[in-house]
Amino acid sequence: MELSAAKDLDRTRDHWWWRPGRTGRRTSGRFCGSSRPPAPPPHRPGTPRRAPARYPRPILDGDEHRPLSRAEQVDAATPDSRNRVVDFLRAAAITVVVLGHWTIMAVSVDGGLQPHGVLDQARWTHPLTWVFQVMPIFFLVGGYSNALSWRSARRRQEGYASWLRTRLRRLGIPLLPLLLTWLVICTLALALGAPAQTVRLASQMALIPTWFLAAYLLVIVLAPACLVLWERFGWYSIIGGVVLAGLVDALSITTGQPLLGYPNYVLVWAAFHQFGYAWLDGRLAGAGRRLVLAAIGAAGLVLLVGPGPYPVSMITAGTDAISNSNPTRVTMAFLGMMQAGLVLLAERPLTALLRRPRVWLVTVLLNRRIMSWFLWHLTALVGLAHLLVALDAQTLLPQPLTGTWWATRPLWCLALLAITGVIVLVVGRFEDPRADDRPAPALWRPVLAAALVCAGLAVMATSGMVGSDGVNWVWPLLPVVGLLGLGMVRLRP
(Lines give C-alpha, C1' and ligand atoms only; values in the text may rest on other atoms or scores of the structure.)
Protein backbone atom coordinates (compact mmCIF):
# COMPACT_ATOMS: atom_id res chain seq x y z
CA MET A 1 0.00 0.00 0.00
CA GLU A 2 3.08 2.25 0.18
CA LEU A 3 2.12 3.05 -3.62
CA SER A 4 0.78 1.66 -8.64
CA ALA A 5 0.24 3.64 -11.11
CA ALA A 6 1.28 3.31 -10.44
CA LYS A 7 0.97 3.04 -13.15
CA ASP A 8 1.65 0.43 -14.30
CA LEU A 9 1.45 3.60 -12.66
CA ASP A 10 3.49 2.92 -16.32
CA ARG A 11 0.85 1.55 -18.59
CA THR A 12 0.90 0.77 -22.27
CA ARG A 13 -1.58 3.53 -22.75
CA ASP A 14 -2.15 4.44 -26.38
CA HIS A 15 -5.05 6.87 -26.34
CA TRP A 16 -7.31 4.80 -28.55
CA TRP A 17 -10.25 5.84 -26.39
CA TRP A 18 -9.97 9.56 -27.07
CA ARG A 19 -9.76 9.77 -30.84
CA PRO A 20 -11.44 12.92 -32.14
CA GLY A 21 -14.24 12.71 -34.63
CA ARG A 22 -15.85 9.45 -33.47
CA THR A 23 -19.41 10.73 -33.31
CA GLY A 24 -20.79 7.29 -34.03
CA ARG A 25 -24.33 7.99 -35.17
CA ARG A 26 -26.68 5.11 -35.85
CA THR A 27 -28.15 5.20 -39.34
CA SER A 28 -30.48 2.56 -40.79
CA GLY A 29 -29.39 -0.07 -38.38
CA ARG A 30 -25.68 0.52 -39.04
CA PHE A 31 -23.01 2.43 -37.11
CA CYS A 32 -21.38 5.28 -39.00
CA GLY A 33 -18.15 6.79 -37.72
CA SER A 34 -17.70 3.73 -35.51
CA SER A 35 -15.77 0.48 -35.76
CA ARG A 36 -18.88 -1.57 -34.96
CA PRO A 37 -19.94 -4.14 -37.56
CA PRO A 38 -23.51 -4.36 -38.90
CA ALA A 39 -25.97 -6.78 -37.39
CA PRO A 40 -25.55 -10.38 -38.62
CA PRO A 41 -28.13 -11.94 -40.96
CA PRO A 42 -30.78 -14.23 -39.45
CA HIS A 43 -29.57 -17.72 -38.64
CA ARG A 44 -30.49 -20.35 -41.21
CA PRO A 45 -31.16 -23.93 -40.03
CA GLY A 46 -28.36 -26.31 -40.90
CA THR A 47 -25.62 -23.67 -40.94
CA PRO A 48 -23.12 -22.93 -38.13
CA ARG A 49 -24.38 -20.30 -35.72
CA ARG A 50 -22.16 -17.22 -35.53
CA ALA A 51 -21.74 -15.07 -32.45
CA PRO A 52 -23.86 -11.92 -32.73
CA ALA A 53 -22.20 -8.55 -33.00
CA ARG A 54 -21.91 -6.68 -29.72
CA TYR A 55 -23.83 -3.42 -29.35
CA PRO A 56 -23.93 -1.00 -26.44
CA ARG A 57 -27.67 -1.54 -26.21
CA PRO A 58 -30.56 -2.60 -28.50
CA ILE A 59 -31.51 -0.19 -31.26
CA LEU A 60 -35.08 0.91 -30.64
CA ASP A 61 -37.62 2.38 -33.06
CA GLY A 62 -36.90 6.03 -33.69
CA ASP A 63 -33.42 5.72 -32.20
CA GLU A 64 -31.46 5.20 -35.42
CA HIS A 65 -30.10 8.73 -35.53
CA ARG A 66 -29.25 9.17 -31.84
CA PRO A 67 -25.56 10.04 -31.35
CA LEU A 68 -23.56 7.58 -29.30
CA SER A 69 -22.92 8.65 -25.73
CA ARG A 70 -19.34 9.26 -24.59
CA ALA A 71 -19.33 5.87 -22.86
CA GLU A 72 -20.51 4.15 -26.04
CA GLN A 73 -17.91 5.97 -28.13
CA VAL A 74 -15.11 4.85 -25.81
CA ASP A 75 -16.47 1.32 -25.81
CA ALA A 76 -16.67 1.28 -29.61
CA ALA A 77 -13.11 2.62 -29.96
CA THR A 78 -11.61 -0.08 -27.74
CA PRO A 79 -9.93 -2.86 -29.75
CA ASP A 80 -11.40 -6.30 -29.12
CA SER A 81 -7.86 -7.55 -28.50
CA ARG A 82 -7.43 -5.36 -25.44
CA ASN A 83 -7.69 -7.15 -22.10
CA ARG A 84 -9.93 -4.78 -20.17
CA VAL A 85 -9.34 -6.63 -16.92
CA VAL A 86 -5.73 -5.39 -16.89
CA ASP A 87 -6.93 -1.78 -16.90
CA PHE A 88 -9.63 -2.52 -14.34
CA LEU A 89 -7.20 -4.16 -11.90
CA ARG A 90 -4.85 -1.21 -12.20
CA ALA A 91 -7.68 1.25 -11.49
CA ALA A 92 -9.05 -0.87 -8.64
CA ALA A 93 -5.62 -1.21 -7.06
CA ILE A 94 -4.97 2.53 -7.13
CA THR A 95 -8.36 3.11 -5.52
CA VAL A 96 -7.51 0.69 -2.70
CA VAL A 97 -4.10 2.31 -2.19
CA VAL A 98 -5.47 5.85 -2.03
CA LEU A 99 -8.33 5.02 0.34
CA GLY A 100 -6.04 2.86 2.45
CA HIS A 101 -3.45 5.61 2.90
CA TRP A 102 -6.15 8.12 3.79
CA THR A 103 -7.43 5.72 6.46
CA ILE A 104 -4.33 4.30 8.16
CA MET A 105 -2.62 7.68 8.58
CA ALA A 106 -4.20 9.14 11.71
CA VAL A 107 -4.31 12.88 12.38
CA SER A 108 -5.10 14.61 15.68
CA VAL A 109 -4.51 18.04 17.18
CA ASP A 110 -2.44 16.59 20.02
CA GLY A 111 -0.49 13.95 18.08
CA GLY A 112 -0.25 15.64 14.71
CA LEU A 113 0.25 13.44 11.66
CA GLN A 114 0.83 9.80 12.64
CA PRO A 115 2.07 7.82 9.61
CA HIS A 116 1.08 4.39 10.96
CA GLY A 117 -1.44 5.55 13.53
CA VAL A 118 -4.13 2.94 12.92
CA LEU A 119 -1.71 0.01 12.56
CA ASP A 120 0.24 1.04 15.66
CA GLN A 121 -2.81 1.48 17.87
CA ALA A 122 -5.04 -1.34 16.60
CA ARG A 123 -3.22 -4.61 15.97
CA TRP A 124 -6.49 -6.23 14.94
CA THR A 125 -6.12 -4.32 11.66
CA HIS A 126 -2.89 -6.13 10.72
CA PRO A 127 -4.54 -9.16 9.05
CA LEU A 128 -6.57 -6.74 6.92
CA THR A 129 -3.36 -5.66 5.21
CA TRP A 130 -3.37 -9.00 3.38
CA VAL A 131 -6.24 -7.47 1.41
CA PHE A 132 -5.27 -3.80 1.32
CA GLN A 133 -1.58 -4.19 0.50
CA VAL A 134 -2.10 -4.39 -3.25
CA MET A 135 1.37 -3.57 -4.56
CA PRO A 136 1.65 -7.07 -6.05
CA ILE A 137 -1.37 -6.38 -8.27
CA PHE A 138 0.47 -3.46 -9.87
CA PHE A 139 3.42 -5.69 -10.67
CA LEU A 140 1.07 -8.36 -12.03
CA VAL A 141 -0.58 -5.98 -14.50
CA GLY A 142 2.81 -4.35 -15.09
CA GLY A 143 4.27 -7.67 -16.17
CA TYR A 144 1.38 -8.24 -18.55
CA SER A 145 1.71 -4.75 -20.06
CA ASN A 146 5.51 -4.68 -20.21
CA ALA A 147 5.65 -8.04 -21.98
CA LEU A 148 3.11 -6.82 -24.53
CA SER A 149 5.02 -3.57 -25.00
CA TRP A 150 8.46 -5.13 -25.40
CA ARG A 151 7.23 -7.82 -27.81
CA SER A 152 5.52 -5.13 -29.85
CA ALA A 153 8.77 -3.13 -29.89
CA ARG A 154 10.66 -6.19 -31.11
CA ARG A 155 8.17 -6.69 -33.95
CA ARG A 156 8.66 -3.04 -34.94
CA GLN A 157 12.42 -3.54 -34.65
CA GLU A 158 12.54 -0.83 -31.98
CA GLY A 159 15.65 -1.06 -29.82
CA TYR A 160 15.91 -1.33 -26.04
CA ALA A 161 17.18 2.25 -25.63
CA SER A 162 14.19 3.77 -27.41
CA TRP A 163 11.75 1.48 -25.58
CA LEU A 164 13.22 2.33 -22.18
CA ARG A 165 13.15 6.06 -22.94
CA THR A 166 9.44 5.78 -23.69
CA ARG A 167 8.78 4.03 -20.38
CA LEU A 168 10.86 6.59 -18.51
CA ARG A 169 8.87 9.42 -20.05
CA ARG A 170 5.55 7.92 -19.04
CA LEU A 171 6.67 7.51 -15.46
CA GLY A 172 8.92 10.52 -15.16
CA ILE A 173 7.06 13.43 -16.72
CA PRO A 174 4.16 13.35 -14.18
CA LEU A 175 6.75 12.98 -11.39
CA LEU A 176 8.64 16.21 -12.11
CA PRO A 177 5.91 18.64 -10.93
CA LEU A 178 5.62 16.77 -7.63
CA LEU A 179 9.34 16.95 -6.90
CA LEU A 180 9.65 20.61 -7.86
CA THR A 181 6.56 21.52 -5.84
CA TRP A 182 7.91 19.89 -2.72
CA LEU A 183 11.29 21.50 -3.19
CA VAL A 184 9.55 24.89 -3.12
CA ILE A 185 7.36 23.91 -0.14
CA CYS A 186 10.31 22.68 1.93
CA THR A 187 12.46 25.70 1.11
CA LEU A 188 9.72 28.20 1.96
CA ALA A 189 8.62 26.37 5.12
CA LEU A 190 12.16 26.33 6.53
CA ALA A 191 12.71 29.94 5.55
CA LEU A 192 9.53 30.90 7.44
CA GLY A 193 10.75 29.16 10.59
CA ALA A 194 8.95 25.81 10.47
CA PRO A 195 10.72 23.09 12.52
CA ALA A 196 12.99 20.98 10.32
CA GLN A 197 11.62 17.74 11.76
CA THR A 198 8.06 18.76 10.92
CA VAL A 199 8.97 19.64 7.34
CA ARG A 200 11.00 16.44 7.01
CA LEU A 201 8.07 14.28 8.12
CA ALA A 202 5.66 16.15 5.85
CA SER A 203 7.85 15.62 2.78
CA GLN A 204 8.52 12.02 3.73
CA MET A 205 4.79 11.26 4.02
CA ALA A 206 3.92 13.06 0.79
CA LEU A 207 6.64 11.21 -1.13
CA ILE A 208 5.79 7.70 0.09
CA PRO A 209 4.48 6.80 -3.40
CA THR A 210 7.95 7.30 -4.83
CA TRP A 211 9.28 4.07 -3.29
CA PHE A 212 6.99 2.13 -5.59
CA LEU A 213 8.14 4.09 -8.63
CA ALA A 214 11.77 3.37 -7.76
CA ALA A 215 11.13 -0.37 -7.43
CA TYR A 216 8.92 -0.50 -10.50
CA LEU A 217 11.39 1.40 -12.64
CA LEU A 218 14.13 -1.06 -11.68
CA VAL A 219 11.88 -3.90 -12.77
CA ILE A 220 11.14 -2.13 -16.07
CA VAL A 221 14.87 -1.80 -16.78
CA LEU A 222 15.20 -5.57 -16.28
CA ALA A 223 11.89 -6.54 -17.92
CA PRO A 224 13.28 -7.53 -21.35
CA ALA A 225 15.98 -9.71 -19.76
CA CYS A 226 13.43 -11.29 -17.40
CA LEU A 227 11.16 -11.96 -20.36
CA VAL A 228 13.98 -13.88 -22.03
CA LEU A 229 14.41 -15.93 -18.84
CA TRP A 230 10.68 -16.60 -18.72
CA GLU A 231 10.51 -17.63 -22.38
CA ARG A 232 13.42 -20.01 -21.89
CA PHE A 233 12.94 -21.41 -18.39
CA GLY A 234 9.27 -20.79 -17.61
CA TRP A 235 8.28 -21.31 -13.98
CA TYR A 236 11.88 -22.00 -12.96
CA SER A 237 12.77 -18.37 -13.60
CA ILE A 238 10.18 -17.33 -10.99
CA ILE A 239 11.15 -20.06 -8.52
CA GLY A 240 14.80 -19.09 -8.80
CA GLY A 241 14.06 -15.45 -8.01
CA VAL A 242 11.92 -16.33 -4.99
CA VAL A 243 14.59 -18.69 -3.63
CA LEU A 244 17.27 -16.01 -3.97
CA ALA A 245 14.99 -13.54 -2.22
CA GLY A 246 14.59 -15.99 0.66
CA LEU A 247 18.36 -16.29 1.00
CA VAL A 248 18.74 -12.50 1.05
CA ASP A 249 16.09 -12.31 3.78
CA ALA A 250 17.85 -14.96 5.84
CA LEU A 251 21.10 -12.99 5.68
CA SER A 252 19.43 -9.65 6.44
CA ILE A 253 17.28 -10.88 9.34
CA THR A 254 19.88 -13.08 11.05
CA THR A 255 22.46 -10.28 10.99
CA GLY A 256 19.94 -7.61 11.95
CA GLN A 257 20.96 -5.48 8.97
CA PRO A 258 17.96 -4.19 6.98
CA LEU A 259 20.27 -2.72 4.35
CA LEU A 260 21.31 -6.24 3.35
CA GLY A 261 17.67 -6.87 2.43
CA TYR A 262 17.50 -4.09 -0.16
CA PRO A 263 18.41 -6.36 -3.12
CA ASN A 264 14.96 -7.87 -2.62
CA TYR A 265 13.39 -4.75 -4.07
CA VAL A 266 14.67 -6.19 -7.34
CA LEU A 267 14.60 -9.93 -6.66
CA VAL A 268 11.09 -10.14 -5.23
CA TRP A 269 9.39 -7.79 -7.64
CA ALA A 270 11.29 -8.94 -10.75
CA ALA A 271 10.34 -12.52 -9.94
CA PHE A 272 6.71 -11.74 -9.21
CA HIS A 273 6.48 -9.43 -12.25
CA GLN A 274 6.84 -12.58 -14.36
CA PHE A 275 3.43 -13.82 -13.25
CA GLY A 276 2.17 -11.09 -15.58
CA TYR A 277 4.09 -12.83 -18.38
CA ALA A 278 2.47 -16.11 -17.38
CA TRP A 279 -0.97 -14.51 -17.49
CA LEU A 280 -0.33 -13.05 -20.93
CA ASP A 281 1.01 -16.34 -22.30
CA GLY A 282 -1.92 -18.38 -21.02
CA ARG A 283 0.15 -20.28 -18.47
CA LEU A 284 -2.33 -19.31 -15.74
CA ALA A 285 -5.44 -20.16 -17.74
CA GLY A 286 -8.16 -22.14 -16.02
CA ALA A 287 -9.61 -22.06 -12.52
CA GLY A 288 -7.48 -24.99 -11.38
CA ARG A 289 -4.15 -23.30 -11.95
CA ARG A 290 -5.36 -20.09 -10.38
CA LEU A 291 -6.61 -21.91 -7.29
CA VAL A 292 -3.26 -23.67 -6.99
CA LEU A 293 -1.43 -20.34 -7.25
CA ALA A 294 -3.64 -18.80 -4.55
CA ALA A 295 -3.17 -21.84 -2.31
CA ILE A 296 0.63 -21.72 -2.68
CA GLY A 297 0.62 -18.04 -1.77
CA ALA A 298 -1.64 -18.51 1.26
CA ALA A 299 0.32 -21.52 2.52
CA GLY A 300 3.62 -19.69 2.11
CA LEU A 301 2.31 -16.69 4.04
CA VAL A 302 1.00 -18.82 6.89
CA LEU A 303 4.30 -20.70 7.19
CA LEU A 304 6.38 -17.52 7.14
CA VAL A 305 4.17 -15.47 9.46
CA GLY A 306 3.04 -18.21 11.85
CA PRO A 307 6.38 -19.49 13.22
CA GLY A 308 7.97 -16.12 12.40
CA PRO A 309 10.05 -14.06 12.15
CA TYR A 310 7.87 -12.15 9.69
CA PRO A 311 5.06 -9.95 11.11
CA VAL A 312 1.40 -10.30 10.16
CA SER A 313 1.10 -6.79 8.77
CA MET A 314 2.09 -6.48 5.11
CA ILE A 315 2.37 -2.71 5.61
CA THR A 316 5.09 -1.20 7.76
CA ALA A 317 3.94 -0.72 11.36
CA GLY A 318 5.95 1.03 14.03
CA THR A 319 5.24 -1.76 16.51
CA ASP A 320 6.89 -4.46 14.37
CA ALA A 321 10.58 -5.24 14.64
CA ILE A 322 10.68 -6.32 10.99
CA SER A 323 8.88 -4.76 8.06
CA ASN A 324 7.53 -6.86 5.21
CA SER A 325 7.67 -3.93 2.81
CA ASN A 326 10.69 -1.83 3.82
CA PRO A 327 12.82 -3.46 2.60
CA THR A 328 10.67 -5.79 0.53
CA ARG A 329 10.63 -9.31 1.97
CA VAL A 330 9.90 -12.64 0.34
CA THR A 331 6.51 -12.58 2.06
CA MET A 332 5.39 -10.03 -0.54
CA ALA A 333 5.95 -12.58 -3.30
CA PHE A 334 3.67 -15.09 -1.55
CA LEU A 335 1.11 -12.38 -0.82
CA GLY A 336 1.16 -11.59 -4.53
CA MET A 337 0.62 -15.23 -5.47
CA MET A 338 -2.43 -15.43 -3.24
CA GLN A 339 -3.87 -12.17 -4.53
CA ALA A 340 -3.09 -12.95 -8.19
CA GLY A 341 -4.74 -16.36 -7.99
CA LEU A 342 -7.88 -14.91 -6.43
CA VAL A 343 -8.31 -11.91 -8.74
CA LEU A 344 -7.65 -13.99 -11.84
CA LEU A 345 -10.41 -16.37 -10.76
CA ALA A 346 -12.73 -13.41 -11.33
CA GLU A 347 -11.37 -12.60 -14.80
CA ARG A 348 -14.35 -13.99 -16.72
CA PRO A 349 -17.09 -12.14 -14.77
CA LEU A 350 -14.96 -9.00 -14.77
CA THR A 351 -14.62 -9.23 -18.54
CA ALA A 352 -18.40 -9.42 -18.86
CA LEU A 353 -18.85 -6.48 -16.49
CA LEU A 354 -16.36 -4.34 -18.39
CA ARG A 355 -18.33 -4.84 -21.61
CA ARG A 356 -20.80 -2.37 -20.13
CA PRO A 357 -19.89 1.02 -21.65
CA ARG A 358 -20.38 3.06 -18.47
CA VAL A 359 -18.27 0.73 -16.33
CA TRP A 360 -15.57 0.73 -18.98
CA LEU A 361 -15.66 4.53 -19.25
CA VAL A 362 -15.01 4.91 -15.51
CA THR A 363 -12.11 2.47 -15.81
CA VAL A 364 -10.65 4.40 -18.74
CA LEU A 365 -10.97 7.76 -17.00
CA LEU A 366 -9.22 6.49 -13.88
CA ASN A 367 -6.37 5.02 -15.93
CA ARG A 368 -6.03 8.22 -17.91
CA ARG A 369 -4.99 10.14 -14.77
CA ILE A 370 -3.80 7.29 -12.60
CA MET A 371 -0.27 8.64 -12.06
CA SER A 372 -1.59 12.00 -10.91
CA TRP A 373 -3.99 10.45 -8.40
CA PHE A 374 -1.27 8.17 -7.10
CA LEU A 375 1.49 10.76 -6.81
CA TRP A 376 -0.55 13.58 -5.28
CA HIS A 377 -3.07 11.88 -2.96
CA LEU A 378 -0.75 12.08 0.05
CA THR A 379 0.19 15.68 -0.68
CA ALA A 380 -3.50 16.46 -0.28
CA LEU A 381 -3.59 14.59 3.04
CA VAL A 382 -0.45 16.26 4.40
CA GLY A 383 -1.71 19.71 3.41
CA LEU A 384 -5.17 19.26 4.95
CA ALA A 385 -3.76 17.67 8.11
CA HIS A 386 -1.33 20.53 8.79
CA LEU A 387 -4.00 23.12 8.07
CA LEU A 388 -6.46 21.59 10.56
CA VAL A 389 -3.79 21.08 13.22
CA ALA A 390 -2.67 24.71 12.83
CA LEU A 391 -6.30 25.85 13.23
CA ASP A 392 -6.68 23.66 16.34
CA ALA A 393 -9.76 22.10 14.74
CA GLN A 394 -10.65 19.66 17.51
CA THR A 395 -14.14 19.10 16.13
CA LEU A 396 -12.88 18.15 12.69
CA LEU A 397 -10.09 15.95 14.06
CA PRO A 398 -11.63 13.50 16.56
CA GLN A 399 -9.39 11.20 18.55
CA PRO A 400 -8.21 8.36 16.26
CA LEU A 401 -9.96 4.99 16.51
CA THR A 402 -12.90 6.30 18.52
CA GLY A 403 -16.44 5.73 17.30
CA THR A 404 -16.65 9.31 16.07
CA TRP A 405 -13.38 8.92 14.20
CA TRP A 406 -14.58 5.80 12.35
CA ALA A 407 -17.95 7.40 11.60
CA THR A 408 -16.28 10.43 10.02
CA ARG A 409 -13.87 8.46 7.79
CA PRO A 410 -16.19 8.66 4.76
CA LEU A 411 -16.38 12.46 5.11
CA TRP A 412 -12.59 12.63 5.57
CA CYS A 413 -12.04 10.64 2.39
CA LEU A 414 -14.57 12.74 0.45
CA ALA A 415 -12.78 15.93 1.49
CA LEU A 416 -9.42 14.51 0.41
CA LEU A 417 -11.00 13.25 -2.81
CA ALA A 418 -12.16 16.75 -3.64
CA ILE A 419 -8.76 18.31 -2.88
CA THR A 420 -6.88 15.67 -4.85
CA GLY A 421 -9.35 16.04 -7.71
CA VAL A 422 -8.58 19.74 -8.00
CA ILE A 423 -4.84 18.99 -8.02
CA VAL A 424 -5.33 16.34 -10.71
CA LEU A 425 -7.23 18.83 -12.87
CA VAL A 426 -4.15 21.07 -12.76
CA VAL A 427 -1.32 18.53 -13.12
CA GLY A 428 -3.10 15.81 -15.07
CA ARG A 429 -2.01 17.26 -18.40
CA PHE A 430 1.52 16.02 -17.71
CA GLU A 431 0.21 12.53 -18.35
CA ASP A 432 -0.45 13.48 -21.99
CA PRO A 433 3.03 14.32 -23.27
CA ARG A 434 3.70 14.96 -26.92
CA ALA A 435 4.92 12.01 -28.95
CA ASP A 436 8.69 11.74 -29.03
CA ASP A 437 9.82 10.99 -32.57
CA ARG A 438 13.53 11.58 -31.98
CA PRO A 439 16.04 8.92 -33.01
CA ALA A 440 16.89 6.31 -30.41
CA PRO A 441 19.38 7.58 -27.80
CA ALA A 442 22.66 5.95 -26.93
CA LEU A 443 22.02 2.99 -24.62
CA TRP A 444 23.88 4.50 -21.67
CA ARG A 445 21.59 7.52 -21.51
CA PRO A 446 18.27 5.86 -20.53
CA VAL A 447 20.07 3.34 -18.32
CA LEU A 448 21.91 6.09 -16.41
CA ALA A 449 18.73 8.19 -16.27
CA ALA A 450 16.84 5.26 -14.74
CA ALA A 451 19.60 4.78 -12.16
CA LEU A 452 19.52 8.47 -11.16
CA VAL A 453 15.73 8.50 -10.87
CA CYS A 454 15.70 5.32 -8.76
CA ALA A 455 18.45 6.57 -6.45
CA GLY A 456 16.75 9.88 -5.75
CA LEU A 457 13.30 8.40 -5.24
CA ALA A 458 14.52 5.61 -2.97
CA VAL A 459 16.21 8.05 -0.58
CA MET A 460 13.33 10.53 -0.51
CA ALA A 461 10.76 7.80 0.14
CA THR A 462 12.72 6.90 3.27
CA SER A 463 13.94 10.26 4.59
CA GLY A 464 12.05 12.99 2.74
CA MET A 465 13.72 16.12 1.37
CA VAL A 466 14.93 17.71 4.60
CA GLY A 467 17.87 16.79 6.80
CA SER A 468 19.55 18.33 9.82
CA ASP A 469 21.23 20.96 7.62
CA GLY A 470 18.10 21.96 5.71
CA VAL A 471 16.86 20.89 2.29
CA ASN A 472 18.75 18.00 0.73
CA TRP A 473 18.90 19.33 -2.80
CA VAL A 474 20.82 16.37 -4.21
CA TRP A 475 18.14 13.69 -3.96
CA PRO A 476 15.18 15.53 -5.54
CA LEU A 477 17.42 16.92 -8.27
CA LEU A 478 18.82 13.51 -9.26
CA PRO A 479 15.59 12.49 -11.04
CA VAL A 480 15.40 15.94 -12.64
CA VAL A 481 18.95 15.60 -13.98
CA GLY A 482 18.24 12.06 -15.16
CA LEU A 483 15.07 12.98 -17.03
CA LEU A 484 15.95 16.46 -18.31
CA GLY A 485 19.73 16.53 -18.34
CA LEU A 486 20.10 13.20 -20.12
CA GLY A 487 17.44 14.06 -22.69
CA MET A 488 14.70 11.63 -21.70
CA VAL A 489 12.27 14.55 -21.65
CA ARG A 490 12.59 17.03 -24.48
CA LEU A 491 12.71 20.63 -23.25
CA ARG A 492 12.04 22.22 -26.63
CA PRO A 493 9.09 21.34 -28.93
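Residues numbered from 1 in each chain as written. Predicted model: local features only at pLDDT ≥ 70, side-chain atom pairs only at ≥ 80, totals over all residues. Heavy atoms only, no water.

### What to know about the overall build of the protein chain
- What the protein chain contains, in helices and strands, is 19 helices and six strands.
- Considering the protein chain as a whole, with its 493 residues, one finds that 53% of them fall into the buried category.
- Here the protein chain displays about 22100 Å² of accessible surface, and carbon together with sulfur accounts for 66% of that area. (Helix = DSSP H or I, 4+ residues; strand = E, 2+ residues; numbered from the N terminus. Buried < 20%, exposed > 50% of the residue type's maximum accessible area, 1.4 Å probe, protein only. Areas by Shrake-Rupley, 256 points an atom, 1.4 Å probe, with all protein chains shown as cover.)

### Section: the pattern of salt bridges
- Under the counting rule described, the total for this entry stands at 16 salt bridges.
- One salt bridge in this structure joins R82 and D87, with 3.1 Å as the shortest N-O distance.
- Overall, the relative accessible area of 19% leaves R82 in the buried class.
- Via salt bridges that share partners, R151, R154, E231 and D281 belong to a single interconnected network. (Salt bridge = Lys/Arg side-chain N within 4 Å of Asp/Glu carboxyl O.)

### Quick look at a nonpolar patch on the surface
- Taken together, L229, F233, Y236, I239, V243, L244 and L247 make up a surface patch of nonpolar side chains, about 730 Å² in accessible area.
- Top contributing element to the nonpolar patch by residue count: helix α9 (residues 235-255), with five residues.
- When you line up the elements, I239 lands in helix α9. (Patch = residues over 30% accessible without salt bridge, like charges linked within 9 Å, V, L, I, M, F, W, Y side chains within 5 Å.)

### Regarding the packing of helix α2 (residues 84-104) against helix α5 (residues 135-155)
- It is at 9 Å that the axes of α2 and α5 come closest, and there the two elements cross at 155°. One finds that α2 runs roughly antiparallel with respect to α5. Here the hand of the crossing between α2 and α5 comes out left-handed. In this structure, α2 contributes V86, L89, R90, A93, I94 and V97 to the contact, and α5 contributes M135, I137, F138, V141, Y144 and S145.
- Residues of the contact of α2 with α5, tallied by class, amount to 10 nonpolar, one polar and one charged. (Axes fitted to C-alpha atoms, helices over the stretch in contact; angles between N-to-C directions. Parallel < 35°, antiparallel > 145°, perpendicular 65-115°, else oblique. Left-handed = near helix turned anticlockwise from the far one by under 90°. Contact = heavy atoms within 4.5 Å. Nonpolar A, V, L, I, M, F, W, Y, C, P; charged D, E, K, R; others polar.)

### A short note on the side chain of T328
- One can find T328 in the loop between α11 (287-305) and α12 (331-345).
- Accessibility expressed as a relative area gives 1% for T328, which makes it buried.
- Within polar-contact distance, the side chain of T328 engages the side chain of W269 at 3.2 Å.
- Setting aside anything within four residues of it in sequence, one finds T328 in contact with W211, D249, G261, N264, Y265, V268 and W269. (Polar contact = N/O pair within 3.5 Å; in protein donor to acceptor, adjacent residues only side chain to side chain.)

### Notes on the packing of helix α6 (residues 160-191) against helix α18 (residues 444-463)
- The interhelical angle for the contact between α6 and α18, taken along N-to-C directions, is 35°, at an axis separation of 10 Å. When you trace α6 past α18, the crossing you get is left-handed. The residues of α18 that touch α6, namely those facing Y160, A161, L164, R165, L168, L175 and L179, are P446, V447, A449, A450, V453, L457 and M460.
- The residue makeup of the contact of α6 with α18, split by class, is 13 nonpolar, no polar and one charged.

### Considerations on the confidence of the model for the protein chain
- With 86% of its residues at a pLDDT of 70 or more, the protein chain has an overall mean of 86.
- Taken element by element, the protein chain is modelled with least confidence in strand β2 (residues 30-32), mean pLDDT 38, and with most confidence in α12, mean pLDDT 97.
- Within the model, pLDDT remains below 50 along residues 1-38, and this stretch shows 175 contacts once partners closer than five positions in the same chain are excluded.
- Confidence drops under pLDDT 50 across residues 43-56; counting only partners more than four residues distant or on other chains, this segment forms 21 contacts. (pLDDT = per-residue confidence, 0-100.)

### Description of α6
- Between its terminal C-alpha atoms α6 stretches 45 Å, which fits the 46 Å expected from 32 residues at 1.5 Å a residue.
- Of all the bends in α6, the largest measures some 35° and sits at G172, one to four residues before the proline P174.
- At the exit of α6 stands G193, carrying a positive phi of roughly 95°. (Expected span 1.5 Å × (residues − 1). Bend = angle between axes of the 7 residues up to and from the residue.)

### Digging into unusual backbone geometry
- Backbone torsion omega between N326 and P327 reads 0°, so that peptide bond is classified as cis.
- Topologically, P327 is positioned in the loop between α11 and α12.
- The phi torsion at L401 lies on the positive side, around 75°, for a residue other than glycine.
- Within the secondary structure, L401 is located in the loop between α15 (370-390) and α16 (403-407).
- In this structure L401 comes out as partly exposed when scored by relative accessible area, which is 22%.

### Focus: helix α14 (residues 357-368)
- With 12 residues, α14 should reach 16 Å at 1.5 Å per residue; the first-to-last C-alpha distance of 16 Å fits that figure.
- Looking at α14, one finds that the buried residues are P357, W360, L361, T363, V364, N367 and R368. For α14, the arc enclosing every buried residue in end-on projection is 165°, short of the 170-degree limit, so these residues lie on one face.
- Elements that come into contact with the buried residues of α14 comprise α1 (70-77), α2 and α15. (Arc of directions from axis to C-beta.)

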